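Residue-level structural notes
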Amino acid sequence: GKYGLQDISRDFDTASVFEHVRKTRQYVYNEADQPAIYEKMGITVEFGYAHFNDNHSLTIEGNGTSRTVSSKYIIIAAGSRAIIPPVKGLDDVGYLTNETIFELNKIPHRLIIIGGGPVGTEMSQAFCRLGSKVVVIDKNPHILAKDDFSLTEILKENLEKEGIRFLMKTDVHDISETNGTIRLHVTTGGINDTVEGDALLVAAGRGPRLDRLNLNAANVKTYSRGIEVDKHGRTSAKNIYACGDVTGKFQLTHMSEHTAKTAAVHALLKLPYRIDEKHIVWATYTDPELAHVGATRGQLDRNEVSYKRYRFPYNKIDRAIAENEVTGWIHIYAGERSGKILGVDILGERAGDMISEYALAMKNGISLRKIADTIHPYPTYGLGVRRAADQWYVQRQSVGLIRVVQKLFGYRGLLPDLSDKERIV
């Protein structure tokens, strides 16, 4: 209906939906399942469980066999697994995680999700749109706690309009299952309640896979979230590196790739490559999407960094208007005089793609002025990146000049109070 067409509904085979998902996942991960590809590159693939004997050798066990290998350098990329909170009765019910939920063959009528982070939020919307009645439970006051509150609240309101129920600041005391019905006994704001569902997804975060590695034998130090590494990805054992989720630092697929590259380059090529922690980028693939790069507002405020916030709404991006995707904002935190970008938050259609231009700008010292002076094609969502950068110019000019520009070029949409410090043009 949002395109002027008549709304329709149609039945669909949920088994076919999940089969499509499985085939897509398999296609994406296909290379990991084909050792022959690696063997052509001179890489030997061994399947099994590995544990250290010392800092230069480890034993691989699997399929009834055992062999010991040694190396000058070793990289630990053991990944992570879903964290299962210590809730009474949880181990006695058939809960799902992000690793098992895609093995379903039918959509649960009532889905309960523990965790309002990226996985919980993304899955809540996906299953709601497929027909599930979804309840999300989280002990935090806000969903997506790492992201900007002003934007996550807009997203949460949108999700609630779709029918998702959120129980925030809620503790789960015990869980039971009777005749296929799962019951969670919870407390919200001092009030006890019971939540019932047909399926339970535990999305309470992820923890490193360390239990079988025998890291002590290699003198590899760990901390509460994973393996300790330096700026090069090197552990306390100087010839052993660790990358990805096993370090507990980032838990983002693209950061796993980045830290793997850093470790390999530093170990093998001896180049002073280091992990880039200043320009970390992430995206949550809800509808609308939510993306971030650089410092958050909270970090800037806590560190007493001087900055100015420049905002631009999606309802002034013509491509978003044409596609009726006008929910969202671009928030840029930058130096008021220099226009140096310190961080960016985007809520809206294709936010995960748009954030990349800001990431490139930050990495290479490109200011808001240079983005604003760069021609972008019309009408695109990417033009919104430039329009948001334009606000740096706008905030530096007088109200009288803005009126002249608006009259000459036909710009619309100044905020009603032109004396406001956050004028949008």
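Residues numbered from 1 in each chain as written. Predicted model: local features only at pLDDT ≥ 70, side-chain atom pairs only at ≥ 80, totals over all residues. Heavy atoms only, no water.

A few words on the pairing of strand β10 (residues 181–188). Inspection of the sheet shows strand β9 (residues 170–178) paired to β10 by eight bridges, in the antiparallel sense. Along β10, the bridge assignment pairs Val-172 with Val-186. Between β9 and β10, which follow one another and run antiparallel, lie two residues, and Asn-179 among them has a positive phi close to 50°. Sheet analysis places β10 next to strand β11 (residues 191–197), joined by seven bridges and oriented antiparallel. Paired with Thr-188 across the bridge in β11 is Ile-191. What sits between β10 and β11 in their antiparallel hairpin is a turn of two residues, with Gly-189 showing a positive phi close to 60°. (Pairing = 2+ DSSP bridges. Helix = DSSP H or I, 4+ residues; strand = E, 2+ residues; numbered from the N terminus.)

The subject of this paragraph is the nonpolar core. Ranked by internal contacts, the top residues of the largest apolar core, which has 29 residues, are Tyr-314, Ile-330, Ile-332, Ile-341, Ile-346 and Tyr-358. If you list the elements that add at least two residues to this core, you get β18 (289–294), β19 (308–313), β20 (329–334), β21 (341–348), α8 (351–363), α9 (368–372) and α10 (382–396). Considering each element in turn, this core owes the most residues, seven residues, to α8. Every residue in contact with Tyr-358, bar those within four places of it in the chain, is listed here: Val-293, Ile-330, Ile-332, Ile-341, Val-344, Ile-346, Ile-371, Gly-384, Val-385, Ala-388 and Ala-389. Ranked by size, the runner-up nonpolar core spans 25 residues in total, among them Phe-18, Leu-144, Leu-155 and Ile-164. (Core = buried A, V, L, I, M, F, W, Y, C linked by side-chain atoms within 4.5 Å. Buried < 20%, exposed > 50% of the residue type's maximum accessible area, 1.4 Å probe, protein only. Contact = heavy atoms within 4.5 Å.)

Spatial strand order, β8-β7-β6-β12: four strands in an open sheet with parallel pairing. Two strands lie at the open edges of the sheet, namely β8 (165–167) and β12 (199–202), each paired on one side alone. On average, each strand axis in the sheet is tilted by 20° relative to the strand beside it, whichever way the strands run. Bridge analysis of strand β7 (residues 133–137) against β8 gives three bridges, and the strand direction is parallel. Paired with Val-136 across the bridge in β8 is Phe-166. (Axes fitted to C-alpha atoms, helices over the stretch in contact; angles between N-to-C directions.)

Moving on, we get to the layout of surface pockets. Reported here for the second largest pocket is a volume of approximately 400 Å³. Lining the second largest pocket are 17 residues, with His-254, Met-255, His-279, Val-281 and Ala-359 sitting closest to its centre. Contributions of two or more residues to the lining of the second largest pocket are made by α5 (253–269), β17 (281–284) and α8. For the lining of the second largest pocket, the element with the most residues is α8, which contributes six residues. Among the residues forming the lining of the second largest pocket, the class breakdown is nine nonpolar, five polar and three charged. (1 Å grid on protein atoms, 1.4 Å probe; cavity = no way out; pocket = protein on both sides within 12 Å on 5 of 7 lines; lining within 4 Å. Points joined across faces, edges and corners; volume = space filled by probe spheres on them. Nonpolar A, V, L, I, M, F, W, Y, C, P; charged D, E, K, R; others polar.)

A few words on a nonpolar patch on the surface. Side chains of Tyr-27, Val-28 and Tyr-29 sit close together on the surface and give an oily, nonpolar patch of about 410 Å² of accessible area. Tracing the chain through its elements places Val-28 in helix α1 (residues 14–28). (Patch = residues over 30% accessible without salt bridge, like charges linked within 9 Å, V, L, I, M, F, W, Y side chains within 5 Å. Areas by Shrake-Rupley, 256 points an atom, 1.4 Å probe, with all protein chains shown as cover. Salt bridge = Lys/Arg side-chain N within 4 Å of Asp/Glu carboxyl O.)

The N-to-C vectors of α8 and α10 enclose an angle of 50°; their axes lie 9 Å apart at closest approach. Considered as vectors, α8 and α10 are oriented oblique to each other. Handedness of the crossing formed by α8 with α10: right-handed. Contacts between α8 and α10 involve Met-354, Glu-357 and Tyr-358 from the first element and Gly-382, Gly-384, Val-385, Ala-388 and Ala-389 from the second. Across the contact of α8 with α10, the residue classes break down as five nonpolar, two polar and one charged. (Parallel < 35°, antiparallel > 145°, perpendicular 65-115°, else oblique. Left-handed = near helix turned anticlockwise from the far one by under 90°.)

Further remarks concern α5. For α5, which comprises 17 residues, the first-to-last C-alpha distance of 24 Å matches the rise-based estimate of 24 Å (1.5 Å per residue) to within 8%. Buried within α5 we find Met-255, His-258, Thr-259, Thr-262, Ala-263, Val-265, His-266 and Ala-267. Considering only its buried residues, α5 is in contact with β4 (74–76) and β16 (240–242). Backbone geometry just downstream of α5 places Lys-270 in the positive-phi region, at approximately 60°. (Expected span 1.5 Å × (residues − 1).)

The next subject is the sheet that holds β17. Strand order across the open sheet formed by five strands is β17-β18-β21-β20-β19, with antiparallel pairing between neighbours. Single-partner strands in this sheet number two, and they are β17 and β19. Here the strands of the sheet are splayed against their neighbours by 10° on average, with no regard to which way each runs. On the sheet, α8 packs against β17, β18, β20 and β21 and is oriented at approximately 10° with respect to β18.

Purely spatial values, then, with no claim about function.
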